[in-house]
Amino acid sequence: MFSLGSWLPALPGLAWGWALLDALLQGLVGACAVLVLCSLLKVYLYIQCLNDPERQAEKEAIRVQRWVLELLHVAVLTALLALVGSRVAALVVLEFSLRAVSTVLSLGKGAHSSQLYLLCQYSLGCGVSCGLSFLLEGAPHRTCNLALAAGLAGLLATYAQRLARHVCTLYELHSRARYCGICIFLLAAGHGIPRLLRNALAVTFAVADLAAVALINRDFLSTAEAVRFWTPLTICYTLLVVYMQEESRQSAGGRAVYQTVLVRMGGLFILLLTIGRWSDVFHVLVSLLGELWCLLRAGVMLEACWRQ
């Protein structure tokens, strides 16, 4: 099968250039998905804080976030997702899916759900990237398909960002005057945003998990080789989930969240040192930067979730 690069004459480094472009486009789609998630959560948390007189300081903290930083956030996240290999991205997706199922079954509370949505930012980007890599593998004109996906994702992210900006600027006035259709709709149905996100993330991670398993298994030549990889990986992930559940019961707040990221990536780092490749080790370090970058960017909203 051929991609857009097949229409051009063969030149040294041309294939590498198109592969880099594909990786950047996949990363851009993942970054736009994260931006949509954060924008909708910002709308929901702002409305919740506005309706609570004791949370006005949190409302102001959410409102005064600089919108220019969103472009920097998307650019950095795009670069990080483009650098991460499909193998490590798949492992990140599978680890978060297991952790999310365990958290939902053990807690089942809406306040914790909002925090879980913020903690899944980097995993969501990896999941979208894995899904695109799997679905478009061997597709004709792969680059054109990714460019179209990036355009649609960018358009959706732009509208979500405009919605968050409108709500943080004018919702308080419009909800009282009741003459803005968007604000009237949010006044009546804004409480349903977490349910919308839950359903969308469930579908996204279901596809991403299937893609992740397929992407990992394609590197194995035999069943015995696959078993030698999956057995220690399953044991490592199970121990990590048990440890993080115990930590979440004993401590809460920003320090616990960052400590969890370090433990998760540290465990994956040690595991891949023994059964992975050297490129996987580098990609784990990139993933650590991605996780920390997403948490730092969402610090204000995480604080609002903890107080809620």
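For every chain, the first residue of its written sequence is number 1, and the numbers climb from 1 along that sequence. Where totals are concerned, whole chains, interfaces and linings use all residues; where local detail is concerned, this predicted model gives features only for residues with pLDDT of at least 70, and gives and counts side-chain atom pairs only at 80 or more. Derived side-chain values reflect all non-hydrogen atoms in the structure, with water molecules and hydrogen atoms excluded from consideration.

S.K.: Which parts of the structure should I look at to understand the side chain of Ser123?
M.R.: Of note, Ser123 is situated in helix 6 (residues 121-135). Note on exposure labels: buried denotes an accessible area under 20% of the residue type's maximum, exposed denotes more than 50%, and partly exposed covers the range between, all computed with a 1.4 Å probe on protein chains only. We classify Ser123 as buried; its relative accessible area is 0%. Each residue touching Ser123, except ones within four places of it in the same chain, is listed here: Val92, Val93, Phe96, Phe205, Arg264 and Glu291. Under the DSSP-based scheme used, a helix requires at least four consecutive residues in state H or I and a strand at least two consecutive residues in state E, with every element numbered from the N terminus. Contacts between residues were defined by any pair of non-hydrogen atoms, one from each residue, lying within 4.5 Å.

S.K.: Even after reading the chapter, I still don't get the packing of aromatic side chains, so can you show me in this structure?
M.R.: The description of an aromatic ring pair uses the distance of the two centres, along with the angle that the planes make with each other. When the centres of two rings from Phe, Tyr and Trp lie within 6.5 Å, Trp using its six-membered ring, the rings pair. Their planes under 30 degrees apart give stacked, over 60 give edge-to-face, and anything left gives tilted. Taken as a whole and judged by the stated rule, the model has one aromatic pair. Here Phe96 and Phe205 contribute two aromatic rings whose centre-to-centre distance is 5.1 Å and whose plane-to-plane angle is 35°, an arrangement assigned as tilted. Pair noted here: Phe96 is in helix 4 (residues 86-106) and Phe205 is in helix 9 (residues 193-217), with a separation of 109 residues, a long-range link. The criterion for a charge sitting over a ring is simple: Lys NZ or Arg CZ within 6 Å of the ring centre, and within 35 degrees of the ring normal. Over the aromatic face of Tyr159 sits the side chain of Arg162, whose NZ or CZ is 5.7 Å from the ring centroid.

S.K.: Would you explain the packing of helix 4 against helix 9 in this entry?
M.R.: Packed helix pairs are specified by the crossing angle of their axes together with the interaxial distance, meaning the distance between the axes. Lines fitted to the C-alpha atoms define the axes, with helices restricted to the stretch that makes contact. Angles between their N-to-C directions range from 0 to 180 degrees. Where helix 4 contacts helix 9, the two axes come as close as 9 Å, and the packing angle between them is 135°. On the basis of the axis angle, helix 4 is oblique to helix 9. Crossing geometry of helix 4 relative to helix 9 is assigned as left-handed. When helix 4 is examined against helix 9, the residues Ser86, Arg87, Ala90, Leu91, Val93, Leu94, Phe96 and Ser97 are found in contact with a partner set consisting of Phe205, Ala208, Asp209, Ala212, Val213, Leu215 and Ile216. Residues are grouped as follows: Ala, Val, Leu, Ile, Met, Phe, Trp, Tyr, Cys and Pro are nonpolar; Asp, Glu, Lys and Arg are charged; all remaining types, including Gly, are polar. In terms of residue class, the contact of helix 4 with helix 9 is built from 11 nonpolar, two polar and two charged. Roughly parallel covers angles under 35 degrees, roughly antiparallel covers those over 145, roughly perpendicular covers 65 to 115, and oblique covers all other angles. Definitions for this section: a left-handed crossing has its near helix turned counterclockwise from the far helix by less than a right angle. A right-handed crossing has that turn clockwise.

S.K.: Can you walk me through the nonpolar core in this structure?
M.R.: In a soluble, globular protein the nonpolar side chains are often hidden away together inside. Each nonpolar core is a collection of buried residues, namely Ala, Val, Leu, Ile, Met, Phe, Trp, Tyr and Cys, held together in the definition by side-chain atoms within 4.5 Å. The biggest cluster of nonpolar side chains holds 88 residues, and the ones touching the most others in it are Leu37, Leu91, Tyr122 and Tyr171. Examining the composition of this core, we find that 18 residues originate from one element, helix 1 (residues 14-50), more than from any other. In contact with Tyr171, not counting residues within four places along its chain, are Tyr46, Ile47, Leu50, His166, Cys183, Leu186 and Leu187.

S.K.: Explain a nonpolar patch on the surface here, please?
M.R.: Patch definition: residues above 30% relative accessible area lacking any salt bridge, with like charges linked at up to 9 Å and the nonpolar side chains Val, Leu, Ile, Met, Phe, Trp and Tyr linked at up to 5 Å. All accessible-area figures derive from a Shrake-Rupley calculation using a 1.4 Å probe, and residue coverage is judged against the displayed protein chains alone. Criterion for a salt bridge: a side-chain nitrogen of Lys or Arg within 4 Å of a carboxyl oxygen of Asp or Glu. Taken together, the side chains of Phe134, Leu135, Val203 and Val207 define a hydrophobic patch exposed on the protein surface, amounting to about 360 Å² of accessible area. Looking at the nonpolar patch, the elements that each hand over two or more residues are helix 6 and helix 9. Here Phe134 shows up in helix 6. Phe134 sits in the partly exposed class, given a relative accessible area of 35%.

S.K.: Please clarify how the UniProt feature "transmembrane region" (unreviewed entry) in the chain should be interpreted in this entry.
M.R.: The UniProt record marks residues 68-94, 114-136, 143-164, 176-193, 200-221, 227-244 and 256-275 with the feature "transmembrane region" (unreviewed entry), using the residue numbering of this structure. Secondary structure across residues 143-164 comprises 100% helix and 0% strand; the distance between its end C-alpha atoms is 31 Å. Taken end to end, residues 176-193 comprises 67% helix and 0% strand; its first and last C-alpha atoms sit 21 Å apart. UniProt positions are given in the numbering used here, feature names are shortened, and annotations may be inferred rather than shown by experiment.

S.K.: What is the right way to read the packing of helix 4 against helix 12 (residues 278-297) from this model?
M.R.: Two numbers describe how helix 4 lies on helix 12: the axes approach to 9 Å, and their chain directions differ by 50°. Accordingly, the angle class assigned to the pair helix 4 and helix 12 is oblique. In this structure, the crossing between helix 4 and helix 12 has a hand that is right-handed. On helix 12, the residues that touch Arg87, Val88 and Val92 of helix 4 are Asp280, His283, Val284, Ser287 and Glu291. Considered class by class, the residues forming the contact of helix 4 with helix 12 number three nonpolar, two polar and three charged.

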